[in-house]
Amino acid sequence: MADPTIKLLLIGPSSSGKTALLLRYVEDIFDTDNATATIGVDFKVKKLSVKGKLHRVFLFDTAGQERFRTLTSSYYRNAQGEVEKYAPPDAVKCLVGSKLDKSTSSRIVRTEEGRALADRYSASFYEVSSKTRENVKEPFVDTVTRIVETPVLVNGGAGAKRGTTALSPPVVSFNQREPPPKSGCC
Amino acid sequence: MNDFSDIPPLPLADWDVLISGTGVKQSLLAVALCRAGKTVLQLDKNSHYGGSAAAFYSLSEADAWAARVNSGDEVGITNAVVVSNVGEGVGGGNGRGYTLSLAPHLIYWHSSVLEMLRRADLTDGFSWYAVGSWWVCLTDEEVAVPAVATGTGGVVGLAEIGVKAAKLASMTGKKRAGWNKGRKKKPAAKTALEGGEAAVGGMTAQGNGESPLRKVDNFREVPCTYEDVAWSKDLTDKDRGQLGEFLRFVVKYNDPTDQKFTQIFEENRQTSLQTFLSTTFPIPPFITTSISSLTLFPSAPSDITLEQALPRLAAHFTSLGKIPDVRSSAALTIAYGGSAELCQVLSRAAAIAGGINVLGRGVKSLCSNETGDGNRKLEAHLESGETVYADWVIGEASDLAKEVKTSGGKSVSRGIYVIETEISWLFEQKYKDENITPAAAVAVVPGDDERAPVYVIARSGVTGECPRGQCLFHAVTESSYEDMNAAIDKILQTCSPLSGVLYSLQYTVAAPSPEIGAEDGAVILDPLTQDIALQGSVLEECLKIYEEIMGTREGFMDVSEEVRRMKEDMEE
């Protein structure tokens, strides 16, 4: 239990490839036949070494709740939550454009547009393909690195005990490369 | 958030189980049935989770709910009164930063609900906080402190159980249970006594040595731990002996090996708590008031039967001393809204197990499926125009377009008050060697011949339900709004006269309707009661329905073997 833990959330529209990216990153699986909306558990854990120190990263998926916009506010909270209960203004954000393997002509969001959106929200930006593994690790490694470099998140400001959780769950948002379901971002 | 116009249609028309509503019972059943492999669709006519256990995440959301109550749109709830002294600037005008819950339940450590959540591997999804002491408002005249206070005679009867309790406390202290895993050792509520209010109240610690019984003006801590009983100066040695014997009775009244106590219980089932405590274990009336407050019944001690009181008191005393790192506490509460948060986390758990939740889509009518598709037994028409078929339909009468029956019982008045200061004495640690600071406490203003008592559940900013430096009071009583306001004033006046109420929302909940059980093939849930602590009966009702559907109670909420293996792999 000595390793520091970090809670990452995946959010974004239904069928944007959140679960696919999660499973590719954590388990190196890409299963086209079994495109379920859920992973059956609350979160997946990935161990990640940042600057020589091992971190346990808890990756939370939406469990399909974004489909009917029924994501609970509790989802956004820190699982072992200490105290910072309000919207996490200092959460580290990363915008991910998925399905990079699709041809450029079928994209509805161009790279420059994605990058501009990310800039506006001080998020980093990556384009990935869970199918080809291209760039799958980068958004996670980058996000965790940025969290580790933000002491207020890692130490919990007031001094989180036992090397536990960052206070504000950093957020990984998704961007859509394919013609999406009608809704925009959750 | 209320715009559902672009939400996609339901993925299927055909389900094993349709659950209408996202209250505590509905959500528990959704998780249990999903985990048992049933296909479950959980709907709610509201655009928020929780039903009668919902929370409002801003003052303006609470205002909107109050308006719905007053236009008759919230079944069983009437007469909402909002008083706002919030200035323009606060929270950007709409009062964000608050979580006003309709169900800020306490959960006893020794309760079937908590045991079930632990077994179901669900406790990690919450921030649990300890509930501190019970405080009762009693004047010096009522207590009439006897001249001779200290001595050792009466303590003898207590020695045995006291030692046992202390041993238990130190034992449990060693293993850290799931609920507070990874918490900070001393949550930040521990800033007490710095503000001006403490000086006004003037906390005095009574008694002897290591276990003071606290008193802030007329608010006295209920002697609830064995140390309290052994040392309180409010008690004579004779009282001490009687009270000790009564506490022993409380934990043994249904222990078949104890013939004396079980017989006393059988003979007095219907006796009122007040009569019982003035005859069988004669203790002064003020202690009766204190003991009665531990039952959390919003009725006078003369209106509570022994049969009703004992299970409640037993839950309290068997929980006491068991919670790791906070031995003076008996109950916990969930941050961010109590059972409102419970409903949300359960709904997510249901989704993780394969269920679908949809908000803002109610059931308009329900009938048996005689002509419709497939072989499902029931056919539900939704407000959205969609039709859904299911073998089982579960919900409260009001969520299934059924007639809501009322009973002649007493209605309950409730109030949520935002207090502009933190009233830190309520949340002080009781013992120096405890590692957890309570985030909630219970204050009771006793009633009299005409008035029922008022229970106030105080919740600190640590719960995430209000900004730091403020706190919330949830009042529950069978008495009037005026009495409720008077009780709140009493707490503020005595202890912190400079504190004002920033915002209050009062409402009245009708007495629960008589049990229906089933109607036209649908399973009708009893509305959630207004109890202050989450009751085992909630779980019992769910188990009964689960058994009806699955043919067994075995496996209720169990995590599947596959998922358990996945989790174990991750632990490494």
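Quick caveat: nothing in here was measured; it's all calculated off a predicted structure. (Residues numbered from 1 in each chain as written. Chains lettered and ligands numbered in written order. Predicted model: local features only at pLDDT ≥ 70, side-chain atom pairs only at ≥ 80, totals over all residues. Heavy atoms only, no water.)

Colleague: Account for the overall build of chain B, naming residues and giving values.
Modeller: Each helix and strand in chain B was counted, giving 16 helices and 22 strands. Looking at chain B residue by residue over its 572 residues, the buried ones come to 58%. A sequence separation of at least 24 residues applies to 72% of the contacts in chain B between residues at least 6 apart. (Helix = DSSP H or I, 4+ residues; strand = E, 2+ residues; numbered from the N terminus. Buried < 20%, exposed > 50% of the residue type's maximum accessible area, 1.4 Å probe, protein only. Contact = heavy atoms within 4.5 Å.)

Colleague: Residue-level account of the nonpolar core, with values.
Modeller: Residues and elements named next belong to chain B. Core analysis: the biggest nonpolar cluster contains 51 residues, and Leu106, Trp134, Phe246, Phe249, Leu296 and Val442 have the highest contact counts within it. Looking at this core element by element, the count peaks at seven residues for helix H12 (residues 306-319). Per-domain counts for this core show at least three residues from each of domain 2 (68-101 + 128-142 + 175-222 + 326-334 + 410-510) and domain 3 (226-319). Ignoring anything within four residues of it in the chain, the contact list for Phe246 reads Phe276, Leu277, Phe281, Ile291 and Leu313. If you look at the next biggest cluster of nonpolar residues, it comprises 50 residues, including Val31, Ala103, Trp128 and Phe556. (Core = buried A, V, L, I, M, F, W, Y, C linked by side-chain atoms within 4.5 Å. Domains from an automatic or database assignment.)

Colleague: How would you summarise a negative patch on the surface if you had to cite specific residues and measurements?
Modeller: Residues and elements named next belong to chain B. A surface patch of like charges, here negative, comprises Glu561, Glu568, Asp569 and Glu571. Tracing the sequence through the fold places Glu568 in helix H16 (residues 561-571). Its relative accessible area of 47% is what places Glu568 among the partly exposed residues. (Patch = residues over 30% accessible without salt bridge, like charges linked within 9 Å, V, L, I, M, F, W, Y side chains within 5 Å. Areas by Shrake-Rupley, 256 points an atom, 1.4 Å probe, with all protein chains shown as cover. Salt bridge = Lys/Arg side-chain N within 4 Å of Asp/Glu carboxyl O. Lys, Arg positive; Asp, Glu negative; His and termini not counted. Charge placed at Lys NZ, Arg CZ, Asp CG, Glu CD.)

Colleague: Report on the side chain of His474(B), specifying residues and quantitative values.
Modeller: All names here are of chain B. Take His474: it is sitting in strand E19 (residues 471-477). Here His474 falls in the buried class, since its relative accessible area comes to 2%. Apart from residues no more than four positions distant in its own chain, His474 is found in contact with Ser101, Pro104, Gly415, Ile416, Tyr455, Val456, Ile457 and Arg459.

Colleague: Provide a residue-level description of the environment of Thr257(B), including the pertinent values.
Modeller: On the secondary structure map, Thr257(B) appears in the loop between helix H8 (237-252) and helix H9 (259-268). Among the polar contacts made by the side chain of Thr257(B), one reaches the side chain of Asp255(B) at a distance of 2.7 Å. (Polar contact = N/O pair within 3.5 Å; in protein donor to acceptor, adjacent residues only side chain to side chain.)

Colleague: Give a detailed account of the pairing of strand E11 (residues 331-334) of chain B, specifying residues and quantitative values.
Modeller: Residue and element names in this part refer to chain B. Alternating residues of E11 divide into Ala331 and Thr333 and Leu332 and Ile334, and every residue in both groups is buried. When strand E6 (residues 106-108) meets E11, the two strands line up antiparallel, connected through three bridges. The residue of E11 that forms the bridge with Leu106 is Thr333. (Pairing = 2+ DSSP bridges.)

Colleague: Report on the side chain of Arg220(B), specifying residues and quantitative values.
Modeller: Its location among the elements puts Arg220(B) in strand E10 (residues 219-221). Here the side chain of Arg220(B) touches Leu138(B) through a polar contact of 2.9 Å, landing on its backbone oxygen.

Colleague: Break down the pattern of salt bridges for me, citing the residues and quoting the values.
Modeller: Oppositely charged side chains are able to pair whenever their charged atoms sit close together. According to the stated counting rule, one finds 34 salt bridges over all chains in the structure shown. Between Asp28(A) and Arg24(A) there is a salt bridge, and its shortest N-O distance comes to 2.9 Å. The residue Glu386(B) makes a salt bridge to Arg361(B) at a minimum N-O spacing of 2.7 Å. Of the two residues, Glu386(B) sits in the loop between strand E14 (378-382) and strand E15 (387-396) while Arg361(B) sits in the loop between strand E12 (356-359) and strand E13 (363-368), which places them 25 residues apart along the sequence. Here Glu386(B) matches Arg361(B) in class, with each residue buried. When salt bridges with common partners are traced through the structure, they connect Asp14(B), Asp16(B), Arg376(B) and Asp391(B) into a single cluster.

Colleague: Can you lay out unusual backbone geometry for me, pointing to particular residues and giving the numbers?
Modeller: For Arg133(A), which is not a glycine, the phi torsion comes out positive at approximately 75°. Residue class for Arg133(A) comes out partly exposed when judged on its relative accessible area of 49%. One non-glycine residue with positive phi stands out, namely Tyr336(B), at about 65°. Residue placement: Tyr336(B) occurs in the loop between E11 and helix H13 (339-352).

Colleague: Describe the confidence of the model for chain B, naming the residues involved and giving the relevant values.
Modeller: Mean pLDDT for chain B: 84, with 85% of residues reaching 70 or above. Residue range residues 145-210 of chain B is modelled with pLDDT below 50. Its contacts to residues more than four positions away, or to other chains, number 131 contacts. (pLDDT = per-residue confidence, 0-100.)

Colleague: Talk me through the packing of helix H1 (residues 24-35) of chain B against helix H15 (residues 536-550) of chain B; I want residue IDs and the actual numbers.
Modeller: When two helices pack together, their arrangement is captured by the angle between the axes and the distance separating the axes. All names here are of chain B. It is the contact of H1 with H15, at a shortest axis distance of 10 Å, that shows an interaxial angle of 40°. As far as their axial angle goes, H15 and H1 are oblique. Note on packing geometry: the crossing formed by H1 with H15 is right-handed. Contacts between H1 and H15 involve Val24, Lys25, Leu28, Leu29, Ala32 and Leu33 on the former and, on the latter, Val538, Glu541, Cys542, Ile545, Tyr546, Ile549 and Met550. Class assignment for the residues of the contact of H1 with H15 results in eleven nonpolar, no polar and two charged. (Axes fitted to C-alpha atoms, helices over the stretch in contact; angles between N-to-C directions. Parallel < 35°, antiparallel > 145°, perpendicular 65-115°, else oblique. Left-handed = near helix turned anticlockwise from the far one by under 90°. Nonpolar A, V, L, I, M, F, W, Y, C, P; charged D, E, K, R; others polar.)

Colleague: So what's going on with the packing of aromatic side chains? Residues and values would help.
Modeller: Residues and elements named next belong to chain B. Taken as a whole and assessed by the stated rule, the structure comprises 17 aromatic pairs over all chains. Taken together, a centroid distance of 5.5 Å and an interplanar angle of 35° make the contact between Phe249 and Phe276 tilted. With Phe249 in helix H8 and Phe276 in helix H10 (residues 273-279), the pair connects residues that are 27 residues apart, well separated along the chain. Through successive ring pairs, a cluster of aromatic residues spans Phe246, Phe249, Phe261, Phe276 and Phe281. Directly above the ring of Trp109 sits Arg118, whose terminal nitrogen or CZ lies 4.5 Å from the centroid. (Phe/Tyr/Trp six-rings, centres within 6.5 Å; stacked < 30°, edge-to-face > 60°. Lys NZ or Arg CZ within 6 Å of the ring centre and 35° of its normal.)

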